[in-house]
Amino acid sequence: MTKATRGRAPRAKAEAPGAASEFWNLRLYVAGQTPKCVAAIRNLNRFCEEHLAGKYRIEVVDLLENPRLARDDQILAIPTLVRKLPEPLRKIIGDLSNTERVLVGLDLRPQADAGSE
Amino acid sequence: MARATSRPVSRALPKCPTGIQGLDEITRGGLPRGRPTLVCGPAGCGKTLLAIEFLVRGATRYDEPGVFMAFEETAEELTQNVRSLGFDLDELSGRKKLAVDYVHVERSEIEETGEYDLEALFIRLGYAIDSVGARRVALDTIETLFGGFSDPALLRAELRRLFRWLKDRGVTAVITGERGDGTLTRQGLEEYVSDCVISLDHRVTEQMATRRLRVVKYRGTTHGTNEYPFLIDERGIEVLPVTSLGLEHAASEERVSTGVPALDAMLGGRGLYRGSSVLVSGTAGVGKTSLAAHLAHAACGRGERCLYFAFEESLGQVVRNMRSVGIDLEPWVKKGLLRFQAARPTLYGLEPHLAGMHKAVRDFEPSVVVVDPITNLVTVGSAAEVKSMLVRLVDLLKVRQVTALFTSLTHGGGSLEQTDVGLSSLIDTWLLLRDIERDGERNRGLYVLKSRGMAHSNQIREFLLTDRGIQLRDVYLGPEGVLTGSARLAQEARERAAEQSRKEEVERRRRESERRRGALQAQMAALRAELEAEEEAIRRMTDQESGRQERLLADRQEMARSRKANGTEQGDLGNHKRGARR
């Protein structure tokens, strides 16, 4: 786990979200290659390229291989996307097909608002 | 017929003992093995505890490890909460007998962005089951999920899948659910869990809370259908099925003394049967407690333990009061043979009372138990509830071969024999103490109304409280009725006086007859002397007479000789006689 990333979180919190210097550490929990999981992986990749190009990292965890992590990370639904960085930790469930809700879930919404202003 | 049909069913439906006292008896062996059971009820009714105990007992008694999936409390909270009940979840987890998984569900933290399912829940559960080799699973309270996810239809489908999955895994599961409005559970879980549904309740009537348990449904098996009270104490849950113990207790032939020899004599001469139940009823102040104290005293004197539940007086009060009738209970208390448990009945509800009594009996293992008085419990519950509680208490004591004495306060007016009829069927020996008021006195009478299995006395005895304990006296049954107290003493004095004069009369007569006999004997002696004199005279007369004859003959011969008569004369005479004859 690359948890020890640069200590940028506090600043990220203080600043407006989506500052250019922020790094996004995302982890997607799936269980095998079900259609929902496959769709989620595809949607996530697309989303990140669109909104977080160059400042994100995606880690896909297959719970069928690491069932222990389901408990340790409090995962219930599949698929679940966890924003480990920037803090605070956020969870999004579903296949990420609703981009609008993904934006809200990842706390990227204010940026979109700011953009529109 | 019933047997023929029930047999294959019981073979087809293996059961999983819960290890919870009483519940296995109601369900005739436990929960359906390999199937989910729904436990529902309002908040605070003990659902979680039942689920926990199911797992703990499984792990400790039946070597069936378990998984507890908590949706409401964290593992730490849970561990703390059940520690007071004697369950050490940490220790069980350490021995790989139990896995606790806290599932955190918080709506505000979950953003839904499309299709999803709860596969991770299955994975977690599956992982936990595999990690300890679990045979039992508890899900507490799975309905919390409905608060965390926005799509109830999806949740329902997932729950259906979950219960199917649990069955496929072959684990016996307990699923708890909160009571809904008019339904057993808020989300209608009973639709999915169709094999066994247990409903818990926590009702408050007249400020007394009573927990109850009912098996709503148990497919494919017979089960007790009543509502059974249950208790939660430091040993966990205890369901108290009224009839659970049945009438299977052994009957002892051994007799124990009541501590009052005269009463033992009334009871077929040898006292009570060990393990029998005695009811002592009577109005206020007739000596019920004293009788109970005698029994306790006698038991301790034999070196047996006695447990005394006092609902009216404190230990000090009883000890002091009994000293006044010559019974010193204090040494037994100090020796640890006599234990007092004094509490106001209104302190808590009936069930906690019963629980407390159960516990005390289990802990102390007495051979004699006194409950003084049971009637005070009526202030806590209705008569029917008190009766059902006492049935259970009596059963408990009988099974343990504990001789029990219950005192019961009856009120004036109405028949004394009727007030306690509700209890009389439970009781083996029923002693009635009653006041007998007469001549401005109040005295006590004791009857043996019934005593099973012995030829008991049908007589009333006067019951005296002396400074040397209880004394029983025969009462006088005269033409004026039963005499007790001073009337009896007066009667006794009269009897003694009568006895005395009767004795004197007899003596007088004896002397009189003696005297007369002497007189008669003297008379008889005189007569005999007279008779003898008479006989003597006659004999003498006869002697003289025969002497005279001889002399006459001799004289005549002499005379003949002197007249020189010889043989010729005699010969002539002879010839003459001969001629005449011719």
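Remember, it's a predicted structure, so these values are computed and weren't measured experimentally.

A. Seen up close, the nonpolar core. All names here are of chain B. Judged by nonpolar contacts, the single largest core of 165 residues is most densely connected at Phe68, Ala120, Ala138, Ala296, Cys306 and Val370. Residue assignment places this core across two domains, with domain 1 (2-239) and domain 2 (255-474) each supplying three or more. The residues contacting Val370, other than those within four sequence positions of it, are Ala292, Leu295, Ala296, Cys306, Tyr308, Phe309 and Leu405.

B. Fine view of the interface of chain B and chain A. Counting residues at the interface gives 21 residues for chain B and 28 residues for chain A. Elements represented by at least two residues in the side of chain B that touches chain A include exactly β6 (110-112) and α6 (119-132) of chain B. Top contributing element to the side of chain B that touches chain A by residue count: α6 of chain B, with seven residues. When the residues that make up the side of chain B that touches chain A are grouped by side-chain class, the tally is nine nonpolar, four polar and eight charged. Pairing between strand β4 (residues 90-93) of chain A and β6 of chain B: three bridges, direction parallel. Bridge pairing in β6 of chain B links Ile92 of chain A to Glu111 of chain B.

C. Just unusual backbone geometry, in detail. Across the junction of Leu85 of chain A and Pro86 of chain A, the peptide omega takes the value -5°, indicating a cis bond. Here Pro86 of chain A lies in the loop between β3 (80-85) and β4. Cis geometry is adopted by the peptide bond preceding Pro373 of chain B, which originates at Asp372 of chain B and carries an omega value of -10°. Inspection of the secondary structure assignment puts Pro373 of chain B in the loop between β18 (368-372) and α14 (383-399). At Leu96 of chain A, a residue that is not glycine, the phi angle is positive and equals roughly 65°. By the secondary structure assignment, Leu96 of chain A is in the loop between β4 and α4 (99-105). The exposure class assigned to Leu96 of chain A is buried, which follows from the 28 C-beta atoms found within 10 Å. Here the phi dihedral of Lys96 of chain B falls at roughly 60°; this positive angle occurs in a residue that is not glycine. Residue Lys96 of chain B is classed as partly exposed on the basis of its 13 C-beta neighbours within 10 Å.

D. A look at α6 of chain B. With 14 residues, α6 of chain B extends 20 Å between its outermost C-alpha atoms, agreeing within 8% with the 20 Å of an ideal straight helix rising 1.5 Å per residue. Taken from the residues just after α6 of chain B, Gly133 of chain B is the one with a positive phi, measuring 65°.

E. Structural view of the sheet that holds strand β1 (residues 24-30) of chain A. Pairing is mixed across the open sheet formed by five strands, whose spatial order is β2(A)-β1(A)-β3(A)-β4(A)-β6(B). In this open sheet, the two strands that pair with only one neighbour each are β2 (56-62) of chain A together with β6 of chain B. If you compare each strand with its neighbour and ignore which way they point, the axes differ by 25° on average. Bridging between β1 of chain A and β2 of chain A involves seven bridges; their strand directions are parallel. Opposite Val30 of chain A, over in β2 of chain A, you have Asp62 of chain A as the bridge partner. Along the sheet, helix α2 (residues 35-51) of chain A makes contact with β1, β2 and β3 of chain A, crossing β1 of chain A at roughly 165°.

F. Representation of the pairing of strand β11 (residues 227-233) of chain B within the structure. Residue and element names in this part refer to chain B. Inspection of the sheet shows β11 paired to strand β12 (residues 236-239) by four bridges, in the antiparallel sense. Bridging across to β12, Asp233 finds its partner in Gly236. As consecutive antiparallel partners, β11 and β12 are separated by two residues.

G. Highlighting the sheet that holds strand β17 (residues 338-342) of chain B. All names here are of chain B. Pairing is mixed across the open sheet formed by nine strands, whose spatial order is β17-β16-β18-β19-β15-β20-β21-β22-β23. Strand pairing shows two members of the sheet lacking a second neighbour, β17 and β23 (469-474), which therefore form its edges. Each strand axis lies, on average, 25° off the axis of its neighbour in the sheet, ignoring direction. Of the pairings in the sheet, the one linking strand β20 (residues 429-438) to strand β21 (residues 441-451) comprises ten bridges and is antiparallel in character. Paired with Thr429 across the strands is Ser451, a residue of β21.

H. Structural detail: the environment of Cys16 of chain B. Residue and element names in this part refer to chain B. Within the secondary structure, Cys16 sits in strand β1 (residues 15-16). Judged by local crowding, Cys16 falls into the buried class, with 25 C-beta atoms found within 10 Å. A sequence separation of 19 residues divides Cys16 from Arg35, and the C-alpha atoms of the two residues are 9.6 Å apart. For Cys16, the contacting residues outside a window of four places in its chain are Gly30, Leu31, Arg33 and Thr172.

How each quantity is defined
- Residues numbered from 1 in each chain as written.
- Chains lettered and ligands numbered in written order.
- Predicted model: local features only at pLDDT ≥ 70, side-chain atom pairs only at ≥ 80, totals over all residues.
- Core = buried A, V, L, I, M, F, W, Y, C linked by C-beta atoms within 7 Å.
- Buried ≥ 20, exposed ≤ 12 C-beta atoms within 10 Å, placed from the backbone.
- Domains from an automatic or database assignment.
- Contact = placed C-beta atoms within 7 Å.
- Helix = DSSP H or I, 4+ residues; strand = E, 2+ residues; numbered from the N terminus.
- Nonpolar A, V, L, I, M, F, W, Y, C, P; charged D, E, K, R; others polar.
- Pairing = 2+ DSSP bridges.
- Expected span 1.5 Å × (residues − 1).
- Axes fitted to C-alpha atoms, helices over the stretch in contact; angles between N-to-C directions.

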